[in-house]
Amino acid sequence: MKISRDYTQPFFRQPKRHPIRNMFIAALLGLLLGLAIVWQRDAVQSFVKTVAGLSATPTPPPRELAARAAALFHAGEFADAEPLLATAVNERPREIAYLYARGRVLIELDRADEAHALGAAITDIDARAVQGYALKAAALTWSGQPGAAIPIALSGLELNPRFVPLYATLARAYVNEQRWTDGLEAGERGLSISGDDAGLNRAYAYALSSVGEYSGAITYLQRAIELRPAYLPTHFELAGLYLAQDEDQSAIDLYDHILAIDPRNAGAMLRLCLAYRKIGEFARALGFCEDSVTNDSAAPDAQFQLGMLYYRERRFDGSRAAFQQCLEHDDGTYNLSCRYRLGLSHYYTGDCAIGWTLLRDSLDLARAEAADETTLSNILQGLDAIESDPKCIDEAAQPVSFQD
């Protein structure tokens, strides 16, 4: 029997449509397509970054960070060491070695309060950890609280009588409390345990200097430098002792050595200015003072010394600018010294009114501070000079009367 077929209809039966299922399939296909696009984009970006050298670098492990920081600490690069140790502490907040190392760096950066907090954190972790006592005692000593530091250091030595950094802190704290014999004894006890700690040699030199044993102090500072040749504070202390002992060329050589290590060290430039001024080489002194303020214009001591040298050479425009900068950045140390010299510099550059005002203010300040006779005499002579100068009397801005 022949079956007739209607070819106007499809050979296979069409499935029945299901709208919901079709929507789900479409959404799934869209999601897969989107994921493929994102994956492809990320893959391309990763490839580009890798080629360009921009791929993300994983953070080194804390032990590696601490090792890098230790090398920087030994080299005196404290600002570079601190963030490495901060990261290590964040990764291992209960690791005493990292807390202690960071605290030592913070003390060098004049952040003693933060160092003290880390010392307290150490003792919270382990009440018998001597590093916590050492850190707290050192932080208190360097922040001007030696009396509070001494019992903490002694408590630490009860836990570990061979922890040498505690003797260094004790020696310095005792001296700052004017307990010179105790300071010497603390240093000697530490040195009997180990003579190879740079900080202890430096602290013992400090104790020796306090009793006038400058020759011995020089010897121990030299030893401290041998142990830690890139640590500049010890170099400055030794050079200062050389100057005090009139070993001027030795001091100059050491300051030059500091500049060889750190060519932009404004402090060394200032000390060279003072050293050359001491031996009468004023032109070289002036050059180093100018270099010092170029590298650190906010240092009032450098501005003061520069002003003094300009004033000596009667370069009053220069002295006026330097003494003005001295006052603007002063913390109170040079308030009187720079103020009355600024008044004199204004007078000698023709500005009598400002000169008079500054000198009158300086006179009041000098009397309030019971200043020495030389300072009072200089101020009074300046006021007398202005009062008797016809140019100043005729100046329109001049006060009517110079009387007290």
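Cut-offs and rules
Residues numbered from 1 in each chain as written. Predicted model: local features only at pLDDT ≥ 70, side-chain atom pairs only at ≥ 80, totals over all residues. Heavy atoms only, no water. 1 Å grid on protein atoms, 1.4 Å probe; cavity = no way out; pocket = protein on both sides within 12 Å on 5 of 7 lines; lining within 4 Å. Points joined across faces, edges and corners; volume = space filled by probe spheres on them. Helix = DSSP H or I, 4+ residues; strand = E, 2+ residues; numbered from the N terminus. Nonpolar A, V, L, I, M, F, W, Y, C, P; charged D, E, K, R; others polar. Phe/Tyr/Trp six-rings, centres within 6.5 Å; stacked < 30°, edge-to-face > 60°. Buried < 20%, exposed > 50% of the residue type's maximum accessible area, 1.4 Å probe, protein only. Salt bridge = Lys/Arg side-chain N within 4 Å of Asp/Glu carboxyl O. Disulfide = S-S within 2.5 Å. Axes fitted to C-alpha atoms, helices over the stretch in contact; angles between N-to-C directions. Parallel < 35°, antiparallel > 145°, perpendicular 65-115°, else oblique. Left-handed = near helix turned anticlockwise from the far one by under 90°. Contact = heavy atoms within 4.5 Å.

Peer 1: Summarise the layout of surface pockets; cite the residues concerned and give the values.
Peer 2: The rolling of a water-molecule-sized probe over the atoms marks out the regions of remaining empty space. When its volume is computed, the largest pocket comes out at roughly 800 Å³. Surrounding the largest pocket, 31 residues form its lining, Arg104, Glu108, Trp142, Gly199 and Arg228 being those nearest its centre. At the level of secondary structure, the elements contributing two or more residues to the lining of the largest pocket comprise helix H2 (62-74), helix H4 (96-108), helix H6 (130-142), helix H8 (164-176), helix H10 (198-210), helix H11 (214-227) and helix H12 (232-244). A per-class count over the lining of the largest pocket returns 17 nonpolar, six polar and eight charged. Taken together, 15 residues line the second largest pocket, and the ones lying closest to its centre are Phe78, Leu232, Pro233, Phe236 and Asn265.

Peer 1: How would you summarise the packing of aromatic side chains if you had to cite specific residues and measurements?
Peer 2: Applying the stated criterion across every chain yields a total of twelve aromatic pairs. Centroid distance Phe304 to Tyr334: 5.1 Å. Interplanar angle 35 degrees. Geometry classified as tilted. Taken together, the residues Phe304 in helix H16 (residues 300-312) and Tyr334 in the loop between helix H17 (316-329) and helix H18 (335-348) connect sequence positions 30 residues apart. The residues Phe304 and Tyr334 share a single accessibility class, namely buried. Aromatic pair Tyr347 and Tyr348: ring centres 5.0 Å apart, planes at 45 degrees, arrangement tilted. You can call Tyr347 buried: its relative accessible area is 13%. What makes Tyr348 partly exposed here is its relative accessible area of 39%. Through successive ring pairs, a cluster of aromatic residues spans Tyr311, Phe316, Tyr347 and Tyr348.

Peer 1: Help me get a handle on unusual backbone geometry, residues and values and all.
Peer 2: Here the phi dihedral of Arg314 falls at roughly 60 degrees; this positive angle occurs in a residue that is not glycine. On the secondary structure map, Arg314 appears in the loop between H16 and H17. Residue Ala370 is not a glycine yet carries a positive backbone phi of 55 degrees. Inspection of the secondary structure assignment puts Ala370 in the loop between helix H19 (352-368) and helix H20 (373-388).

Peer 1: So what about the pattern of salt bridges? Which residues, and what values?
Peer 2: Considering all chains together, one arrives at twelve salt bridges under this definition. Ionic pairing is found between Arg179 and Asp182, a salt bridge with its closest N-O pair at 2.9 Å. Take Asp182: its relative accessible area is 26%, and that puts it in the partly exposed class.

Peer 1: Tell me about the state of the cysteines, residues and numbers included.
Peer 2: Disulfides are covalent bonds that connect the sulfur atoms of two cysteines. Under the criterion given, the structure shown has three disulfides. The side chain of Cys273 participates in a disulfide bridge whose partner is Cys289; the two sulfur atoms lie 2.0 Å from each other. On the sign convention where negative is left-handed, the bridge of Cys273 and Cys289, at about -80 degrees about the S-S bond, is left-handed. In this pair, Cys273 sits in helix H14 (residues 266-278) while Cys289 sits in helix H15 (residues 282-295), placing the two residues 16 residues apart along the sequence. Exposure remark for Cys289: the relative accessible area of 0% places this residue in the buried category. Here Cys352 engages in a disulfide with Cys392; their sulfurs sit 2.0 Å apart. Across the disulfide from Cys352 to Cys392, rotation about the S-S bond amounts to roughly -60 degrees, and the bridge is consequently left-handed. Placement of Cys352 in helix H19 and of Cys392 in helix H21 (residues 390-394) is noted, with a sequence separation of 40 residues between them.

Peer 1: Summarise the packing of H6 against H8; cite the residues concerned and give the values.
Peer 2: Where H6 contacts H8, the two axes come as close as 10 Å, and the packing angle between them is 30 degrees. Comparing the axis directions of H6 and H8 gives the class roughly parallel. The handedness of the crossing between H6 and H8 comes out as left-handed. Taking contact as the criterion, the partners of Val130, Tyr133, Ala134, Ala137, Ala138, Thr141 and Trp142 in H6 are, on H8, Leu166, Thr169, Arg172, Ala173 and Asn176. Partitioning the contact of H6 with H8 into residue classes produces eight nonpolar, three polar and one charged.

Peer 1: So what's going on with the environment of Leu363? Which residues, and what values?
Peer 2: By the secondary structure assignment, Leu363 is in helix H19. Overall, Leu363 belongs to the buried group, its relative accessible area being 1%. A C-alpha to C-alpha distance of 8.1 Å links Leu363 and Tyr340, two positions 23 residues apart in sequence.

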